[in-house]
Amino acid sequence: MELQATGNQGITNRSAIAKFVHDVADMEVRVFTLRRAAKRIRKDAQKKKEALEAEACNRKFELDRINGRLGTARGKRYDETEKLKFHWVKKLFAALGIGIGVGFGIWMFLGIISVFGEVPSWIINFFNLGNGFGSLLILSLLIWLVTFIMSIILHAFDVKDTISPNILGFTTEINTLEKELQTVYQSLLNAQAELQKFESQIIPKLSTQADSLEKDAKLIEEKLRQCYELDIVKPSYRKLVCVVILDEIFTNDKADTMREAMLLCDTEIRHAELIGKLDEVIHSLKTLASTLQYMTHVLENINSNVSLISQDVYRIAESQDRIAYATESIKQSAANADYYIEQKRMGVL
């Protein structure tokens, strides 16, 4: 609904009343629109804040989850490394035992041969078996060395085939998780910074704009009160839903006098089952919109203007500019009040 020009001195009483009703209805719509826009701005700001908080919380949860997986992977790699160390020690002692056992066995075998037969001279000369314990020690060390070297070779293949792939796999997983951790940590910092900026800078500015819209609505409401004091519209009908219905009645030539229009308004309200629900403005307008096409147009304008105001608020949040819709509404409401007060004084209304 758009504000209309107010300058026309040659109108009839009916036309003057119809125009008056139209303008006060428009002022009511604008007051409601500004207040609804202020409420939406605060609601959207709260939703945005909650979304940013949820984003930061999700990033923190993701960070904790990755830290948990990273700790598990590091623990497993440590266990595998310890296994590897133990494997070496086990092989060492196994080789030592085998070497000593084999050396002792050979020494016993040679001892038996020396008892029941003749030991070749080159063996005696090489091992110096006459030395007793010394020969056993030297022989055992030599055989242990050979066995140990062989066990190392076998152990190397064993580590390559079993233990090393596990450690390598855990190392790869740890590297991947560390990179992912860094990425998520950076996103957490970004989310926290955005939330902090929104709370400390944007919300106060949006709140200021919302307060300004409500202040503008009060200014228009004061001019509207001055118009209602002319007593053209009776007190019981000084509500948004009622004056919108009255405007629709006069616009479509359904009545010639205010009394007829008010009676038809009562009929529309009862027909729409709105008695006692006029304070639920949106509910009332939606209910009437199902029977009155004019109400659909009013609702569409309200919703459209609320959206435009919300967009303007975010657009000018960094400046001290005022919303064009509010500025226009204040200017025209003041003109309307002055005009109709003069019309009443002149007896036109």
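Definitions and limits used
- Every residue gets a number counted from 1 within its own chain, in the order that chain's sequence is written.
- Local features in a predicted model are, by the rule used here, given only for residues with pLDDT of at least 70; side-chain atom pairs are given and counted only at 80 or more, and totals for whole chains, interfaces and linings are based on all residues.
- By convention in this description, side-chain values take in all heavy atoms of the structure and omit both hydrogens and water.
- Strands here mean DSSP runs of E at least two residues long; helices mean DSSP runs of H or I at least four residues long; both are numbered from the N terminus.
- Only protein chains enter the area calculation, which uses a 1.4 Å probe; residues under 20% of their type maximum are buried, those over 50% are exposed, and those in between are partly exposed.
- Using the Shrake-Rupley algorithm and a 1.4 Å probe, accessible areas are obtained, with residue cover drawn only from the displayed protein chains.
- Every helix has an expected span of 1.5 Å times one less than the residues it contains.
- Only a pair of cysteine sulfur atoms within 2.5 Å qualifies as a disulfide here.
- Within this analysis, patches are made of residues with over 30% relative accessible area and no salt bridge. Like charges are joined at 9 Å or less; nonpolar side chains (Val, Leu, Ile, Met, Phe, Trp, Tyr) at 5 Å or less.
- One speaks of a salt bridge when a side-chain nitrogen belonging to Lys or Arg is within 4 Å of a carboxyl oxygen belonging to Asp or Glu.
- Asp and Glu count as negative and Lys and Arg as positive, but His and the ends of the chain are not part of the count.
- Every charge is mapped onto a representative atom, which is NZ of Lys, CZ of Arg, CG of Asp or CD of Glu.

S.K.: I keep staring at the overall build of the chain and nothing clicks. Help me out?
M.R.: In terms of helices and strands, the chain carries eight helices and zero strands. The N-to-C order of helical and strand elements in the chain reads α-α-α-α-α-α-α-α. With 349 residues in all, the chain has 39% of them scored as buried. Element-wise, carbon and sulfur atoms account for 59% of the exposed surface of the chain, whose accessible area totals about 20100 Å².

S.K.: Would you take a moment to explain helix 8 (residues 324–345) for this structure?
M.R.: Owing to its 3.6 residues per turn, the α-helix aligns residues three or four sequence positions apart on the same side. Here helix 8 spans 32 Å end to end across 22 residues, near enough to the 32 Å set by a 1.5 Å rise per residue. Those residues of helix 8 that sit buried are Tyr325, Ala326, Ser329, Ile330, Ser333, Asn336, Ala337, Tyr339, Tyr340 and Gln343. The first or second residue beyond helix 8 is Gly347, which carries a positive phi of 85°.

S.K.: Would you mind going over the state of the cysteines with me for this structure?
M.R.: Cysteine pairs can be covalently joined through their sulfur atoms, and such a bond is termed a disulfide. By the definition in use, this model includes zero disulfides. Of the cysteine sulfurs around Cys242, a residue in no disulfide, the closest is that of Cys265, at 4.4 Å.

S.K.: I would appreciate a short explanation of unusual backbone geometry in the present structure.
M.R.: Both trends apply: most residues other than glycine have a negative phi, and most peptide bonds are in trans. With phi around 65°, Asp231 is a residue other than glycine that occupies positive phi space. As for its position among the elements, Asp231 is in the loop between helix 3 (133–228) and helix 4 (240–251). One non-glycine residue, Asp253, adopts positive backbone phi at about 55°. By relative accessible area, Asp253 is classed as exposed at 58%.

S.K.: Help me understand a positive patch on the surface, please; the structure alone is not making it clear to me.
M.R.: Taken together, the side chains of Arg36, Lys39, Lys43, Lys47 and Lys286 make up a positively charged region of the molecular surface. Ranked by the residues each element gives to the positive patch, the list is headed by helix 1 (residues 13–116), at four residues. Residue position: Lys47 is located in helix 1.

S.K.: Help me out: how do you make sense of the pattern of salt bridges in this one?
M.R.: Once the charged atoms of two side chains with opposite charge are near each other, the side chains can pair. Evaluation of the coordinates by the stated rule reveals 19 salt bridges. A salt bridge links Glu328 to Arg30; the shortest N-O distance between them is 3.8 Å. Here Arg30 lies in helix 1 and Glu328 lies in helix 8, a separation of 298 residues in the sequence. We classify Glu328 as partly exposed; its relative accessible area is 37%. Here Asp64 ties to Lys60 by a salt bridge, and the two come within 3.1 Å at their closest N and O atoms. Taken together, the positions of Asp64 and Lys60, both in helix 1 and four residues apart, correspond to about one turn of that helix.

S.K.: What is the right way to read the environment of Ala324 from this model?
M.R.: Following the sequence through the fold, Ala324 ends up in helix 8. A relative accessible area of 55% means that Ala324 is categorised as exposed. Between the C-alpha atom of Ala324 and that of Ile309, which follows or precedes it by 15 residues, the distance is 8.4 Å.

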